[in-house]
Every structure is written in structure tokens, then in C-alpha cells.
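Inside the fold
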Amino acid sequence: MEQLQTPFFRIKEKDLLYDISILKEALLKNWGNYIAGYSVKTNSLPWLLSYLKAQGFYAEVVSKPEYDLAVRLGFPAEHIIYNGPIKDKKIFEEVLLAGGYVNLDSGYEPDWLAELSGRFPERSFPVGLRVNCDIAALCPEETLVEEEGGRFGYCYENGVLGAVIKRLEKLPNVKISGLHLHSSTQSRTVHVYGALAKMAVRIAREYALSLDYVDMGGGYFGGRDDKPDYRDYFREICKELSAHFSPDKTKIIAEPGVSLISRATTFETTVLDVKDIRGRKFIVTDGSRTNLNPLVTRHVYPHHIQYISDTSVRNREHDQWVCGATCMEYDRLFEIVDGAALIPGDKIIYDTAGGYTMCLNPLFINYFPAVYIEHTDGTLFTARDAWSNDEFMMKNYTESEACL
Ligand SMILES: *Cc1c(COP(=O)(O)O)cnc(C)c1O
């Protein structure tokens, strides 16, 4: 294979197809009536969105730029799932009028809906509601991402959800047609999803809702053989949902992000230099922690190493720190204790690098790396060239003579 200039991301189509197929199969076998959505925020690479569209995915969007991007890439408005607490009024109306999916999450959306439905009395407006429920109480053993609980959706326990339901039921041409239960726990257990599905049943019964869909959100594990996958989650979810819902009437919606693209994506870097500082080896590479985890919250970077020469004849090093390409001390990725000495030219390849990386990458010191697609037949496609100053300087203006 041709030598590509590192650093770059590689997406392997074969692995992507594998995770797509287990998602679809899990939804098909356990429920049958489903919509597979994809969370655009997790990785908004245009190639990826376009590929997933061709695979039948809907685009789950939470902002105006994401919506505009999805539409620009050819997603019809009826294949949009519009979520989140920060909505744009024009898009809210556009998606509803086109028959797309909108899950209400804020205090102002019921007002918008009242106004819109009043303006179009002959149209009907099915909408979903994002549910906020106390997961810590439902699953006391879970580690939650936020200890004080999630902040999205309408709170079930204090009656805010009930009040929104009552209000919308007074609007003659509005129907509460869905519940949205996306939530994120650190442990991502199958058990949490079972509890959320049970909550959908409980709310539908309590408020006598006749639902066209239950949207289970994202947040699943995927691409890791030591963790549960879609088959485990949807077996449990559908078992709980079937206590009250039936696939003839009610669709299940999934909107995964990271679980769909992790396995397929690697970030590939090269060792440029080895520095010896007071007995410690610092391995300088051309990729950075900012490419993989700009929030600098992660301490584990799954990876493998391709050595350019035989390691059995190399020295062993007690302590090597693999560092990134920025001039920040915190740009250190992982430590190799008692390993073969790394040398310039060795490749360090980070695995499961697809989610919250390319799209969260800052323009800090270096710009966006290239992205290559490895097709199932081994051929490569350039999905994104590395950014240069041509892109960085777009829409910039100086007040000097020098031409931008
Ligand atoms: C972020 C998000 C997702 C996807 O989450 P992953 O952890 O990437 O699977 C799905 N739905 C909503 C509403 C989200 O905010």
C-alpha cells in the first residue's frame, strides 16, 4: 500500500459495514419496525454522513449547522430527527411540516408548537418528548456521567413532563407520538437500557399515550469484543417494550454515534524523535492528544504499534512516554513500561478513534488531519485532505496590505 503522510484518520469500510449490519439485524430481529438514526455530532465527516444515508440511516441533529449539513448532503427533511434543548425556530417548523421527527426538550418549544399548529389548523403535528428520569433511582448501581443527574428533557418525577403532556393534549392537531429516552451513563450497561424501556412503558400507561415511536437514543458500547453490543441492548429493550407496545403500531428508533464508527476508525501517527531527559525516554510523534481527546479527559488510548524493524534486536526501555505534536506538556498519550525501544519511523496506530475526535478536533498549532477511507477491496479514497492555511484563512480579513 502507498505510504501516506501521517497523521491521518483511516476508516475501514469493512468494519463499518459490520457494525451497521449488527445494528440493523438487532433492530430487525428483536422488533422489526425500526428507524436507524445516526448522531451527527459524534462524527460529522461529510463522507460518513453520505455513506450512512446510502445505508438507509436518518440524521439525528442537534443544531442548525448539523441540520444544514445533513440537508446539503441529501437527507430529506422527513429523514431528520431533530433533538436537543437549543433549537432553531425555522428548522423546527420546517422539519415538522415536512414530516420529520422532532423531540421537544425545552420550555419554549411547546409555545412554538402551539403557534405553528394554530397557523396550520388543517395539518397534524406528531411530536416526541425527551424524557428526563432519575436513572440513579432506577439503577442505583450505575455510574452516572453527571452525579447530579442529566439535564436534558422534561423531568418525570416533578411533574414537568406531565404538565407538557397536558398542555399539548389541548392542542387539537398536535399528537404526542413519541418518547425519547437518550441518556448517557458511564457504564453503558444493558440493564440501564432495560430500565429506560420500562420507563417508556410506565409513562405511556400513566398518560394513556398512543405512541408511534420510542426513541432509545444512543450511548451504547460498540466495536469492542469485551463489551455488550447492539444485540444485547435491543434484546433487553425490546423485551421490556413488548410489555405494552407492539411493532405493528410503534416503531423503535435508535440513534447511535460512537458505537457505530469506533471499530472502523484508526488514527495513524509516526515516531519522529526520541528524547532522553534525566533517564526518561520521550517519544515524539506527529499526532496529538488534541486529535483524539481534545477535552483531555481520557487516560487510556487503545493502540497498536507497527515497528519498522525487528524488535528482538532492539534495546528494551524501562520507561517510554509517547507524546504528541503540540508544544503543551499535557500532550502525552501513554507510557510504555519495559518495552522494545521505539525509534523514528515506527508507527503508532490508535484504535477505536472514530467518535468525538474528527469533529471535536481543535485548530490548535496544527489543523485538521486527512481522512482516508479503506474500501472493502483495499483501495483508498480521500474523504478529507489535511487542512492547510487555504482553509484556515477562509473568511478571515486583516487590515494590512498582505493578501489573504
Ligand atoms: C450524543 C447523542 C447521541 C449519540 O451518543 P453516542 O454516545 O455517540 O452513541 C444520540 N442521541 C442524542 C440525543 C445525543 O445527544
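In this text the structure is predicted, and so the values were computed from the model without any measurement.

Some words on the pattern of salt bridges
Counted under the stated rule, the structure contains 24 salt bridges. Here arginine 10 ties to glutamate 374 by a salt bridge, and the two come within 3.0 Å at their closest N and O atoms. With arginine 10 in strand 1 (residues 8-12) and glutamate 374 in strand 17 (residues 370-374), the pair connects residues that are 364 residues apart, well separated along the chain. Comparing arginine 10 with glutamate 374, the two get one shared label, buried. The salt bridge involving aspartate 226 is made with arginine 224; its shortest N-O contact spans 3.2 Å. Ionic contacts of the salt-bridge type, sharing partners, join the residues Lys89, Glu93, Glu115 and Arg119 into one network.

Description of the packing of aromatic side chains
On inspection of all chains with the given rule, the structure shows 16 aromatic pairs. Ring geometry for tyrosine 220 and tyrosine 230: centres 6.0 Å apart, planes at 75 degrees, overall edge-to-face. Here tyrosine 220, found in the loop between strand 9 (213-215) and helix 9 (230-241), pairs with tyrosine 230, found in helix 9; they are ten residues apart in sequence, far enough to count as distant. Tyrosine 230 matches tyrosine 220 in its accessibility class, with the two residues each being buried. Every member of this aromatic cluster is reached through a ring pair, and the members are Tyr193, Tyr220, Tyr230, Tyr233 and Phe234. Positioned above the aromatic ring of tyrosine 82, the side-chain terminus of lysine 87 is 5.6 Å from the ring centre.

Looking at a nonpolar patch on the surface
Residues Leu295, Tyr356 and Leu360 make up a contiguous nonpolar surface patch of roughly 270 Å² in combined accessible area. Mapped onto the fold, leucine 295 is located in the loop between helix 11 (289-292) and strand 13 (303-306).

What about the environment of isoleucine 305?
Within the element layout of this structure, isoleucine 305 appears in strand 13. Measuring from C-alpha to C-alpha, the distance between isoleucine 305 and leucine 116 comes to 57 Å, with 189 residues separating the pair along the chain. In this structure, isoleucine 305 is in contact with Ile336, Leu342, Lys347 and Ile348, ignoring residues within four places of it in sequence.

Considering the pairing of strand 10 (residues 251-254)
A regular strand places its side chains on the two faces of the sheet in alternate fashion. Inspection of the sheet shows strand 2 (residues 34-39) paired to strand 10 by three bridges, in the parallel sense. Paired with alanine 36 across the bridge in strand 10 is alanine 254. Where strand 9 lies against strand 10, three bridges are found, and the strand directions are parallel. Its bridge partner being in strand 10, valine 214 is matched across the sheet by isoleucine 252. One crossover worth recording links strand 9 to the parallel strand 10 by way of helix 9, and it is right-handed.

Details of the packing of helix 1 (residues 13-30) against helix 2 (residues 46-54)
The contact between helix 1 and helix 2 brings their axes to 12 Å, and the two run at 45 degrees. Between helix 1 and helix 2, the angle is such that the two are oblique. As helix 1 packs across helix 2, the resulting crossing turns out to be right-handed. Of the residues in helix 2, those in contact with Glu13, Leu16, Leu17 and Ile20 of helix 1 are Trp47, Leu48, Tyr51 and Leu52.

Observations concerning helix 8 (residues 190-206)
Helix length check: helix 8, at 17 residues, gives a terminal C-alpha distance of 25 Å against a target of 24 Å (1.5 Å per residue), a fit within 8%. Judged by how many residues are buried, helix 8 sits mostly within the fold: twelve of 17 residues are covered. Burial in helix 8 covers these residues: Val190, Val192, Tyr193, Gly194, Ala195, Leu196, Ala197, Met199, Ala200, Val201, Ile203 and Ala204. Contacts made by the buried residues of helix 8 are with strand 6 (125-132), helix 6 (135-138), helix 7 (160-169), strand 8 (174-180), strand 9 and helix 9. Alanine 208 lies just past helix 8 and shows a positive phi near 50 degrees.

Observations concerning the state of the cysteines
Scanning all chains against the criterion turns up zero disulfides. You can see cysteine 238 has no disulfide; the closest cysteine sulfur is in cysteine 139, sitting 17 Å from it. Judged by its relative accessible area of 4%, cysteine 238 falls in the buried class. Of all cysteine sulfurs in the structure, the one in cysteine 323 sits closest to cysteine 327, which takes part in no disulfide; the separation is 12 Å. When its relative accessible area of 72% is taken as the criterion, cysteine 327 is described as exposed.

Rules used in this analysis
Residues numbered from 1 in each chain as written. Predicted model: local features only at pLDDT ≥ 70, side-chain atom pairs only at ≥ 80, totals over all residues. Heavy atoms only, no water. Salt bridge = Lys/Arg side-chain N within 4 Å of Asp/Glu carboxyl O. Helix = DSSP H or I, 4+ residues; strand = E, 2+ residues; numbered from the N terminus. Buried < 20%, exposed > 50% of the residue type's maximum accessible area, 1.4 Å probe, protein only. Phe/Tyr/Trp six-rings, centres within 6.5 Å; stacked < 30°, edge-to-face > 60°. Lys NZ or Arg CZ within 6 Å of the ring centre and 35° of its normal. Patch = residues over 30% accessible without salt bridge, like charges linked within 9 Å, V, L, I, M, F, W, Y side chains within 5 Å. Areas by Shrake-Rupley, 256 points an atom, 1.4 Å probe, with all protein chains shown as cover. Contact = heavy atoms within 4.5 Å. Pairing = 2+ DSSP bridges. Right-handed = clockwise from strand over helix to strand, strands pointing away. Axes fitted to C-alpha atoms, helices over the stretch in contact; angles between N-to-C directions. Parallel < 35°, antiparallel > 145°, perpendicular 65-115°, else oblique. Left-handed = near helix turned anticlockwise from the far one by under 90°. Expected span 1.5 Å × (residues − 1). Disulfide = S-S within 2.5 Å.

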